[in-house]
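# Fold and contact review
As a plain string of letters, each chain reads:
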Amino acid sequence: MKNKKEFYWGASTSAFQVEGGFGQGGKGIATTDVRIVPEGIADNRVASDHFTHWKEDIKLMADLGLNLYRFSFNWTRIMGDGKTINQSGIDFYNNIINECLKYEITPFPTLYHFEMPQHLVDIYGGWKSRKCIDDFENYARVCFEAFGDRVKMWGTINEQMIAVAAKDLNGNHNASDNQGMKDMYQMSYHMSLAEKKAIKLFRTLVPDGRIGPVCSMQVVYAETSSSDDVQAAKDAQDFLQNCFLDMSVYGRYPKAYTHYLEKKGWLPDTEVVDKDLLTKYSPDLIGVNYYCSTCIRARKTTDNVSNLPPFYRNELFMLGNNQYLEKTKWMEFGIDPKGLYTGMREVYERYHLPMIVTENGLAYSDVLEDKQINDDYRIDYLKKHIEQCEKFVKTGYPLLGYSTWSFLDLVSSHQGFGKRYGLVYVNRTDTDIKDCARIPKKSYYWYQEKIKNSNI
Ligand code: BG6
């Protein structure tokens, strides 16, 4: 299935961001279907209307020369209430998988990319409850049994940090600040257990397949060389990345992280039997999502952290400013291609597993002019990041492939359709659904040439 040079060249999407098809084909309600979006921002009900355009989309992928499509299953399309099989949802994904295979594109689905069955949130609080582990295991079983004969590359959970921190994604809206923090760490622990149950099942149901987590790779720089800032950067690395990947690969948390949670009363409740599950089943690969690096400094008592995402709400570290990077409206941390190489190198040296870049791309408010998008800014971003992947491979590290975010314009996780990442333009705006016509951008044709002439 790979191209002759054995490298996967892909493009990525996620179900709730592209599919639409709200309430169609037996789909149940997900948290992302009912979240309140600010006035003037697109919701996920139509998204990029991939639900009706999927055949045309996959043909565009084939014409581009992709040999990998990274997408996700929407739990509520496969099991409307999170528990009961919806055959029409399985048929929908079978069509996608078979169409990919027709063009020799390797399907690479992720089981859980942010949305959550609302029913499970209503009946037991979603990931706050251990019951969710069993329901996830059951969902994973259904997926492996339905698709595992043809699908051999799988992602478990996409960006666990965001999945447990974003209340509108996981549905845990009600917690007070301190309780909210405790819940977040508890949900994360349950998710790790669920991931392990899925991997355990996978070994029996898809013995010839490969599976692994997809992390939001953190390349953390200290703002200055002061030992306080350097220490803060190490703490941030633990809180933003190592706590998830250490669990996925080794079944344990970093020591300093555990110590801090204990002090705050945020340590998750565990059961004795968990240890066996956590330590016995490891992934085969790690998917890395990378957009930019992060700059960190030591926290000052005067810093206000209340507006920061929950993983930054602690006394250890604070977001800093990297004066060396070019920043844009949507890439406010700065554009840092070399960070991709640095980050993957660190991930490899800590986990010794093959990696695949599962997301990397540039957000821009593209405007259609003369029925064209001349997105040279995106080409520049992709080119520089792909060069770092090439360097990584040539250094001898095991990189399985590169999959850009995103194949086509889609609803951003929190900022609607004004923020676009696609190689293919989707003709709609936040407030006007228009015809959702597909128009390949200049970057689509650039990527096509890149794949054709690749020497990795
Ligand atoms: C990753 C997610 O966090 O980044 C995607 O896996 C997301 O789902 C992407 O869309 C870009 O982030 P955003 O917030 O700009 O959509």
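This text goes with the structure placed above it.
Report follows, based on the coordinates. What you see is a predicted model; the values in this text were computed from it and never measured.

Conventions and cut-offs
- Residues numbered from 1 in each chain as written.
- Predicted model: local features only at pLDDT ≥ 70, side-chain atom pairs only at ≥ 80, totals over all residues.
- Heavy atoms only, no water.
- Helix = DSSP H or I, 4+ residues; strand = E, 2+ residues; numbered from the N terminus.
- Rg over C-alpha atoms; globule rule 2.2 N^0.38 Å.
- Buried < 20%, exposed > 50% of the residue type's maximum accessible area, 1.4 Å probe, protein only.
- Areas by Shrake-Rupley, 256 points an atom, 1.4 Å probe, with all protein chains shown as cover.
- Lys, Arg positive; Asp, Glu negative; His and termini not counted.
- Charge placed at Lys NZ, Arg CZ, Asp CG, Glu CD.
- Pairing = 2+ DSSP bridges.
- Right-handed = clockwise from strand over helix to strand, strands pointing away.
- Contact = heavy atoms within 4.5 Å.
- Near = heavy atom within 4 Å.
- Polar contact = N/O pair within 3.5 Å; in protein donor to acceptor, adjacent residues only side chain to side chain.
- 1 Å grid on protein atoms, 1.4 Å probe; cavity = no way out; pocket = protein on both sides within 12 Å on 5 of 7 lines; lining within 4 Å.
- Sits in = over half its atoms within 2 Å of the grid points.
- Nonpolar A, V, L, I, M, F, W, Y, C, P; charged D, E, K, R; others polar.
- Arc of directions from axis to C-beta.
- Axes fitted to C-alpha atoms, helices over the stretch in contact; angles between N-to-C directions.
- Phe/Tyr/Trp six-rings, centres within 6.5 Å; stacked < 30°, edge-to-face > 60°.
- Lys NZ or Arg CZ within 6 Å of the ring centre and 35° of its normal.
- Expected span 1.5 Å × (residues − 1).

## Focus on the overall build of the protein chain
A tally of helices and strands in the protein chain yields 16 helices and 13 strands. Here the protein chain has a C-alpha radius of gyration of 21 Å; the compact-globule value for 456 residues is 23 Å, and the two agree. Counting only C-alpha atoms, the protein chain reaches 55 × 50 × 45 Å along its principal axes. Buried residues in the protein chain amount to 61% of all 456 residues. Accessible area for the protein chain stands at about 17900 Å²; split by element, carbon and sulfur atoms hold 49% of it. Charge separation in the protein chain, taken as the distance between the mean sites of 56 positive and 59 negative side-chain charges, equals 3 Å.

## Quick look at the pairing of strand E11 (residues 399–405)
Across the seven residues of E11, seven count as buried, placing the element largely inside the fold. Relative to E11, strand E1 (residues 8–12) is paired through five bridges, and the arrangement is parallel. Bridge pairing in E11 links Tyr-8 to Gly-401. Inspection of the sheet shows strand E10 (residues 355–359) paired to E11 by three bridges, in the parallel sense. Bridge pairing links Met-355 to Leu-399 in E11. In this fold, E10 hands off to helix H15 (residues 376–395), which returns the chain to E11; that crossover is right-handed.

## Let's talk about the side chain of Thr-156
Assignment of secondary structure puts Thr-156 in strand E4 (residues 153–158). Relative accessible area serves as the criterion here: at 0%, Thr-156 is assigned to the buried category. For Thr-156, the residues in contact, after removing those within four places along its chain, are Thr-110, Leu-111, Tyr-112, Glu-195, Ile-199, Ile-211, Gly-212 and Pro-213.

## Some points on the pairing of E4
Every regular strand shows the same layout, with side chains that alternate between the two sheet faces. The buried fraction of E4 is high, at six of six residues. Bridge analysis of strand E3 (residues 106–112) against E4 gives two bridges, and the strand direction is parallel. Looking at the pairing, Tyr-112 lines up with Ile-157 of E4. When E4 meets strand E5 (residues 210–216), the two strands line up parallel, connected through four bridges. Within E5, the residue paired with Met-153 across the bridge is Arg-210.

## Considering the site of the ligand
What surrounds the ligand is a group of 13 residues, the closest being Gln-17, Glu-159, Ser-413, Lys-419 and Tyr-421. Contact between the ligand and Gln-17: an oxygen atom at 2.7 Å from a side-chain N or O atom of the residue. Lys-419 places a side-chain nitrogen or oxygen 2.6 Å from an oxygen atom of the ligand. Across the complex, the protein chains shield 89% of the 370 Å² of accessible surface that the ligand would expose by itself. Comparing atom positions with the cavity grids shows the ligand to sit within the largest pocket. Across the shell around the ligand, the residue classes break down as four nonpolar, six polar and three charged.

## Brief notes about helix H16 (residues 442–452)
For H16, the complete set of buried residues consists of Ser-443, Tyr-444, Tyr-447, Gln-448 and Ile-451. Looking straight down H16, one finds that the buried residues subtend no more than 145° of arc, so they occupy a single side. Where H16 is buried, its residues contact E1, helix H3 (50–64), H15, E11, strand E12 (424–426) and strand E13 (438–440).

## What about the sheet that holds strand E9 (residues 317–319)?
With respect to topology, three strands assemble into an open sheet ordered E6-E8-E9, the strand pairing being mixed. The sheet is open, and its two borders are formed by strand E6 (220–222) and E9, each paired with just one other strand. Here the average twist between neighbouring strands, direction ignored, is 45°. Direction of pairing for E6 relative to strand E8 (residues 294–298): parallel, over a ladder of three bridges. What sits directly across from Ala-222, in E8, is Ile-296. Set on the sheet, helix H11 (residues 227–250) makes contact with E6, E8 and E9; between it and E8 the angle comes to about 125°.

## A look at unusual backbone geometry
In this structure, the amide linkage connecting Trp-405 to the following residue, Ser-406, adopts the cis form with an omega of 5°. Within the fold, Ser-406 resides in the loop between E11 and E12. Despite not being glycine, Ala-47 has its phi angle at roughly 50°, a positive value. Note on placement: Ala-47 falls in the loop between helix H2 (31–34) and H3. The phi torsion at Asp-370 lies on the positive side, around 55°, for a residue other than glycine. Mapped onto the elements, Asp-370 comes out in the loop between E10 and H15.

## What to know about the packing of aromatic side chains
Enumeration according to the criterion identifies 39 aromatic pairs in this entry. Seen in terms of ring centroids, Trp-75 and Tyr-139 are 4.8 Å apart; in terms of plane orientation they differ by 10°. Their pairing is stacked. Here the residue Trp-75 occupies a position in helix H4 (residues 75–78), and Tyr-139 occupies one in helix H7 (residues 131–147), the gap between them amounting to 64 residues. The pair Trp-75 / Tyr-139 is uniform in exposure class, with both members buried. One aromatic cluster in this structure is built from Phe-51, Tyr-69, Phe-71, Phe-73, Phe-92, Tyr-93, Phe-144, Phe-147, Trp-154 and Phe-202. Above the ring of Phe-92, the side-chain terminus of Arg-77 is found at 5.2 Å from the ring centroid. When the ring centre of Tyr-341 is taken as origin, the NZ or CZ atom of Lys-391, which lies over that ring, is 4.2 Å away.

## Overview of H7
Because an α-helix completes one turn every 3.6 residues, residues spaced three or four positions apart along the sequence face the same direction. Its 17 residues place the ends of H7 25 Å apart at the C-alpha level, agreeing with the 24 Å of an ideal helix rising 1.5 Å per residue. Among the 17 residues that make up H7, twelve are buried, leaving the element largely enclosed by the rest of the structure. Buried within H7 are the following residues: Cys-132, Ile-133, Asp-135, Phe-136, Glu-137, Tyr-139, Ala-140, Val-142, Cys-143, Phe-144, Ala-146 and Phe-147.

Read these as layout, nothing more, since geometry by itself doesn't imply function.
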